[in-house]
Amino acid sequence: NMKLLVKNLLYADQIASTSHCMANQVRKLLGSKPVNIEITPFGVDVEKFSRKTRNETRGKIYIGNIKALEPKYGITDLVKAIGILKRNLEGKGLAEVSNKIVVQIYGDGRQKDEINDLIKQLQLTETVILKGRIPNSEVPAALEEMDIFCVTSVQESFGVSVVEAMAMELPVVVTDVDGFKEVVDDGVTGIIVERNNPNAVAQALEKLLLSKDLRLKLGRNGRKRVLEFYNWDKNVDTMLELYKKHMKIN
């Protein structure tokens, strides 16, 4: 199968990749063979993914995640991080802040029972809520309810869920996988932490929890980054230009 894949790639007039990290993997696969790869990001509809309101008087701070409940997305690390975060806050005399935390995890998958058991084990049943899988049409409304978006994947080729969150002006906490490092500007649009490290996730979340100004600043910067690099319409135009170039369409 690998030989067939390489043959097909070399046969192409043009290869398009949704991310630089995916393109680098293709280059490694092809070795010394010459290859031309254009980056055509998997953008988002910036009109659909656009914050309409802010819920400033809820008395809670909502942390969200929208990922399948599968090992590669590290949901167990997120749950562990929330347990650490609450203990750290309470140890600093910030129980009031700890009690404001609500974590909403959207998705379904093989780890559902395992994650539920972990939530109970860490006594987080009042804090961490598994909301189930939702269609993409409902994602903007779910993001609208969040204050922070946190994804703890151990593997990602492109962070489309993170791009959607940034389009909604959410500050993001992400792990240092290639797909996230490509879309998040560390310290500007979000915070990048070491993967498989719940302690690091907890520290980043605490920093955002304790500073509303920082949350708003990173959120605004994230929206600007999406408009510049991941606007659906601009990304489609890039792909169309590639087709025109190779098909000699006027």
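Shown above is the structure to which this text applies.
One structure accompanies this document, and this report is about it. (Residues numbered from 1 in each chain as written. Predicted model: local features only at pLDDT ≥ 70, side-chain atom pairs only at ≥ 80, totals over all residues. Heavy atoms only, no water.)

Here the structure, examined in full by the defined rule, presents 2 aromatic pairs. Centroid distance phenylalanine 229 to tyrosine 230: 6.3 Å. Interplanar angle 55°. Geometry classified as tilted. With relative accessibility at 5%, the residue tyrosine 230 sits in the buried group. (Phe/Tyr/Trp six-rings, centres within 6.5 Å; stacked < 30°, edge-to-face > 60°. Buried < 20%, exposed > 50% of the residue type's maximum accessible area, 1.4 Å probe, protein only.)

Further remarks concern the environment of valine 160. By the element assignment, valine 160 lies in helix α7 (residues 160-167). In this structure, the C-alpha to C-alpha distance between valine 160 and valine 35, residues 125 residues apart in sequence, is 25 Å. Every residue in contact with valine 160, bar those within four places of it in the chain, is listed here: Phe42 and Val44. (Helix = DSSP H or I, 4+ residues; strand = E, 2+ residues; numbered from the N terminus. Contact = heavy atoms within 4.5 Å.)

Attention now moves to the environment of tyrosine 73. Locating tyrosine 73 in the fold gives a position in the loop between β3 (61-66) and α3 (75-91). Taking the relative accessible area as the measure of exposure, tyrosine 73 reaches 16% and is therefore buried. For the pair tyrosine 73 and valine 26, spaced 47 residues apart in the sequence, the C-alpha separation amounts to 23 Å. What tyrosine 73 contacts, discounting residues up to four positions off in sequence, is Lys67, Ala68, Thr152, Ser153, Gln155 and Glu156.

A surface patch of nonpolar side chains, about 520 Å² in accessible area, is lined by Trp232, Val236, Leu240, Tyr243 and Met247. The residue tryptophan 232 is located in helix α11 (residues 232-247) in this model. Judged by its relative accessible area of 44%, tryptophan 232 falls in the partly exposed class. (Patch = residues over 30% accessible without salt bridge, like charges linked within 9 Å, V, L, I, M, F, W, Y side chains within 5 Å. Areas by Shrake-Rupley, 256 points an atom, 1.4 Å probe, with all protein chains shown as cover. Salt bridge = Lys/Arg side-chain N within 4 Å of Asp/Glu carboxyl O.)

A few words on the nonpolar core. Across soluble globular proteins, nonpolar side chains show a tendency to be buried alongside one another. By size, the foremost hydrophobic cluster in this structure holds 34 residues, and its most contacted members are Ile63, Ile82, Leu85 and Leu205. For this core, the elements supplying multiple residues, two or more each, are β3, α3, β4 (101-106), α5 (112-121), β6 (148-151), β8 (190-193) and α9 (198-209). Top contributing element to this core by residue count: α3, with 8 residues. Leaving out residues up to four positions away in the same chain, isoleucine 82 has contacts with Ile63, Val103, Leu124, Thr127, Val128 and Leu205. Val44, Ile134, Val151 and Val226 belong to the second-largest nonpolar core, a separate cluster that totals 28 residues. (Core = buried A, V, L, I, M, F, W, Y, C linked by side-chain atoms within 4.5 Å.)

The next subject is the pairing of strand β7 (residues 172-175). Burial of the side chains of β7 extends over both faces: Val172 and Val174 are buried on one face and Val173 and Thr175 on the other. Note that the unit made of β6, α7 and β7 has a crossover that is right-handed. Here β7 pairs with β8 via 4 bridges, running parallel. In the strand pairing of β8, valine 174 is matched with isoleucine 192. Handedness of the crossover is the feature at issue here: the chain leaves β7, passes through helix α8 (residues 178-183), returns alongside β8, and the resulting connection is right-handed. (Right-handed = clockwise from strand over helix to strand, strands pointing away. Pairing = 2+ DSSP bridges.)

Interpretation in functional terms is not warranted from these geometric data alone.
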